[in-house]
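Each chain, letter by letter, is given below.
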Amino acid sequence: MTSAHEHVDPLDRQVGANVRALRLRRGLSLPACAQLCGRTEEWLRTVERGKQRLDKLSVAITLAEVLGVNDLAVILGERLQRLRCSIGESARVQHEAVPVLRRLLSTPTYPQASTRDPFTGSERIRRRLSLAWSAWHRSDRPYTALGVVVPDLLSDALALHRASPPAGRRLTWQLQSEVFQMAQRFLYCVGEPHLAARAADRAMVAAEETDDPVLIAVSAWTSTMAALGRSDAEEAHAIAHDATAHLRHIVPTNPAALSAWGALNLFDAIALARLHRPADAWHSWTLAHQGATALGAEHHHPLTMFGMANVAIYAVAVHIETGQAATALKLAGRLDLDTIPSTNRRAQHLIDVAQGHLRHNEPDAAITALLASEKQSAETIAFNATARTTIMEIVSGTRRPPRAALELAARVLRAG
């Protein structure tokens with residue numbers, strides 16, 4: 001085993017927080033857990049503080065057995081990638097649909113037997129797309145809902161495109177773009193930022209073939225999301241800024257363009273907030289608010305969720321991003337969650353609220369918000385990196401973490 005490190009690696013700190021949460025959840029004292037592992041109390045203390053690296057597979061396995069964990073990734077997370085041993089990709093935490101989508105995004109689509117009626121095939125896929133979005137927004141297991149259908153939808157859309165005559169390909173390009181947009185959203189939400197970026201790129205290429213400015217703008221929205229998922233606020237701002245500029249001339253007369261323009265401005269607001277440009281962030285948010293008001297209270301885009309309720313949620317998020325947690329919490333307290341027609345979006349909003357409470361030094365309120373998020377969608381909180389970080393901050397920052405926090409940490413660590 002390596003000696004304790006003066007500089008604490010963020011991954012080691014996360015591993016230590018995971019170990020502490022699981023130990024407390026199991027009801028083991030520090031000395032008892034150390035003894036069961038055949039180690040000293042001081043060794044386990046330094047592990048939990050992130051100052052002692054778990055870099056031997058045999059030690060990690062022993063610790064997992066003591067803590068009652070079957071999957072090493074529950075303890076080690078990304079540290080699995082750096083262990084001094086050979087670990088297959090199957091040890092990495094991922095949604096079961098991800099390997100299939102990775103192959104679809106990597107494998108060429110070969111020529112198919114031609115079809116004379118691409119319209120009929122595309123309408124069937126479009127109906128399935130509509131049903132998938134409906135399931136995504138209504139289900140308390142939205143990732144399962146999309147994970148079941150996205151691979152087949154993408155495979156069928158690609159096959160239909162290759163089988164269509166050149167005259168029918170504008171229709172199939174459009175369909176491809178919409179399916180890739182759905183794939184991007186799914187991959188982003190299950191913590192696959194690089195694959196999400198690849199799907200966003202494919203959506204953009206397909207959209208450009210249609211010359212449809214609104215479809216191109218919505219694809220730019222997916223690219224902006226992918227950039228934010230990679231913590232690249234500069235790129236996200238650049239994409240959103242350029243896309244809104246190209247839409248501006250048709251926004252006054254085209255409701256679909258106005259919806260895409262508003263959604264892009266919301267993402268731009270988040271990007272600008274992360275770039276420490278609060279005045280510009282609020283300018284973008286105000287533009288989005290004006291767009292949502294013009295579209296009316298009933299408007300909700302199935303992909304972007306742009307509408308009045310989502311604009312209100314982003315006001316909370318921008319306040320949190322700009323360090324105004326108290327103001328964010330006041331706004332959140334006035335929101336009616338029932339106006340948000342998506343379980344996933346409600347769950348994500350409550351994660352933002354939890355983050356605001358934690359920044360306001362209110363860990364009990366943060367746990368309450370996280371439990372409410374889990375009630376909306378356990379899958380959303382399990383795959384959300386901010387939620388996992390917030391939970392572990394509460395557990396590691398409290399001498400005697402509340403039972404609810406420990407139980408939530410155990411559920412999320414196992415599920416994610």
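Small disclaimer: the values here were computed from a predicted structure and weren't measured.

Caption draft 1: Broad picture of the layout of surface pockets. Taken as a whole, the second largest pocket encloses approximately 400 Å³ of empty space. Taken together, 18 residues make up the lining of the second largest pocket; nearest its centre are Arg126, Glu178, Gln181, His301 and Pro302. Elements with a contribution of two residues or more to the lining of the second largest pocket: helix H7 (118-138), helix H9 (169-189), helix H11 (213-229) and helix H13 (255-274). Counted by class, the lining of the second largest pocket contains nine nonpolar, six polar and three charged residues.

Caption draft 2: Region of interest: the environment of Ala34. Here Ala34 shows up in helix H2 (residues 30-37). For Ala34, a relative accessible area of 1% corresponds to the buried category. Distance in space between the C-alpha atoms of Ala34 and Leu44 is 6.0 Å, their sequence separation being 10 residues. Sequence-distant contacts of Ala34, that is, excluding residues within four places in its chain, are made with Arg39, Thr40, Glu41 and Leu44.

Caption draft 3: Here's a closer look at the packing of aromatic side chains. Evaluated as defined, the whole model comprises five aromatic pairs. Note on Trp136 and Tyr143: the rings are 5.6 Å apart at their centroids and 25° apart in plane angle, and the pair reads as stacked. Considering the side-chain rings of Phe267 and Tyr314, the 6.4 Å spacing of their centres and the 65° angle between planes classify their relative orientation as edge-to-face. Highlighted residues: Phe267 in helix H13 and Tyr314 in helix H15 (residues 308-321), separated in sequence by 47 residues. The same class applies to Phe267 as to Tyr314, namely buried. The side chain of Arg39 reaches across the aromatic face of Trp43, ending 5.2 Å from its centre.

Caption draft 4: Molecular detail of the state of the cysteines. Using the criterion set out here, one finds zero disulfides in the structure. There is no disulfide at Cys37, and the cysteine sulfur nearest it, in Cys33, is 4.4 Å away.

Caption draft 5: Molecular detail of the environment of Ala297. Along the chain, Ala297 falls in the loop between helix H14 (278-295) and H15. By relative accessible area, Ala297 is classed as exposed at 56%. In sequence terms Ala297 and Ala309 are 12 residues apart; their C-alpha atoms lie 8.0 Å from each other.

Caption draft 6: View of the side chain of Ser259. Along the chain, Ser259 turns up in helix H13. Apart from the residues within four sequence positions on either side, Ser259 is in contact with Leu295, His299, His301 and Phe306.

Caption draft 7: Molecular detail of the pattern of salt bridges. Applying the stated rule across the entire model yields 13 salt bridges. When the shortest N-O distance is used, the salt bridge between Asp9 and Arg53 registers 3.8 Å. Taken together, the positions of Asp9 in the segment before helix H1 (10-26) and Arg53 in the loop between helix H3 (41-48) and helix H4 (57-67) put the pair 44 residues apart, joining distant regions of the chain. Judged by relative accessible area, which is 23%, Arg53 ranks as partly exposed. A salt bridge links Arg126 to Glu178; the shortest N-O distance between them is 2.6 Å. Highlighted residues: Arg126 in helix H7 and Glu178 in helix H9, separated in sequence by 52 residues. Counted as one network, the salt bridges with shared partners bring together Asp9, Asp12 and Arg53.

Caption draft 8: Local environment of the environment of Val74. Structurally, the position occupied by Val74 is in helix H5 (residues 72-76). Judged by relative accessible area, which is 5%, Val74 ranks as buried. For the pair formed by Val74 and Val19, sequence separation is 55 residues and the distance between their alpha carbons is 9.2 Å.

Caption draft 9: The side chain of His161, seen in detail. Structurally, His161 can be placed in helix H8 (residues 142-163). Only 2.8 Å separates the side chain of His161 from the side chain of Thr172, close enough to count as a polar contact.

Caption draft 10: Spotlight on H3. When H3 is considered as a whole, its buried residues turn out to be Trp43, Leu44, Thr46, Val47 and Glu48. A positive phi of about 80° marks Gly50, the residue just after H3.

Caption draft 11: Quick peek at unusual backbone geometry. Not every positive phi belongs to a glycine, and Met305 is a case in point at roughly 60°. Considering the arrangement of structural elements, one finds Met305 in the loop between H14 and H15. What makes Met305 buried here is its relative accessible area of 4%. Of note in this structure, Asn361 is not a glycine but carries a positive phi near 60°. One can find Asn361 in the loop between helix H17 (343-359) and helix H18 (363-376).

Caption draft 12: View of the confidence of the model for the chain. Mean pLDDT for the chain: 86, with 89% of residues reaching 70 or above. Below pLDDT 50 for its whole length, residues 1-5 participates in 18 contacts with residues either more than four positions away or in separate chains.

Cut-off values and rules
Residue indices follow the written sequence of each chain, beginning from 1 at its first position. Residues qualify for local features only when their pLDDT is at least 70, as the model is predicted, and side-chain atom pairs are given and counted only at 80 or more; totals for whole chains, interfaces and linings, by contrast, use all residues. Derived side-chain values reflect all non-hydrogen atoms in the structure, with water molecules and hydrogen atoms excluded from consideration. Within this scheme a cavity is a closed region of a 1 Å grid, computed over the protein atoms alone, that accommodates a 1.4 Å probe without allowing it to escape, whereas a pocket is open but has protein on both sides within 12 Å along at least five of seven lines; lining residues each have an atom within 4 Å of a point. Grid points are joined across faces, edges and corners, and a volume is the space filled by probe spheres set on the points. In DSSP terms, a helix is any run of H or I states spanning at least four residues, a strand is any run of E spanning at least two, and both are numbered starting from the N terminus. Just so you know the grouping, Ala, Val, Leu, Ile, Met, Phe, Trp, Tyr, Cys and Pro go in nonpolar, Asp, Glu, Lys and Arg go in charged, and all remaining residues, Gly too, go in polar. Burial classes follow relative accessibility: with a 1.4 Å probe on protein chains only, a residue under 20% of its type's maximum area counts as buried, one over 50% as exposed, and anything between as partly exposed. Contacts are assigned to residue pairs that have any heavy atoms within 4.5 Å of one another. Within 6.5 Å between ring centres, the rings of Phe, Tyr and Trp (the latter by its six-membered ring) count as paired, and their orientation is classed by plane angle as stacked under 30 degrees, edge-to-face over 60, tilted in between. By the criterion adopted, a ring carries a charge over it if an Arg CZ or a Lys NZ lies within 6 Å of its centre and within 35 degrees of its normal. The term disulfide is used for any two cysteine sulfur atoms that are within 2.5 Å. By definition here, a salt bridge exists when the distance from a side-chain nitrogen of Lys or Arg to a carboxyl oxygen of Asp or Glu is within 4 Å. By the criterion applied in these results, polar contacts are pairs of N or O atoms within 3.5 Å in which, for protein atoms, one can donate a hydrogen and the other can accept it, and in which residues neighboring in sequence qualify only through two side-chain atoms. Scored from 0 to 100, pLDDT reflects the predictor's confidence in each residue.

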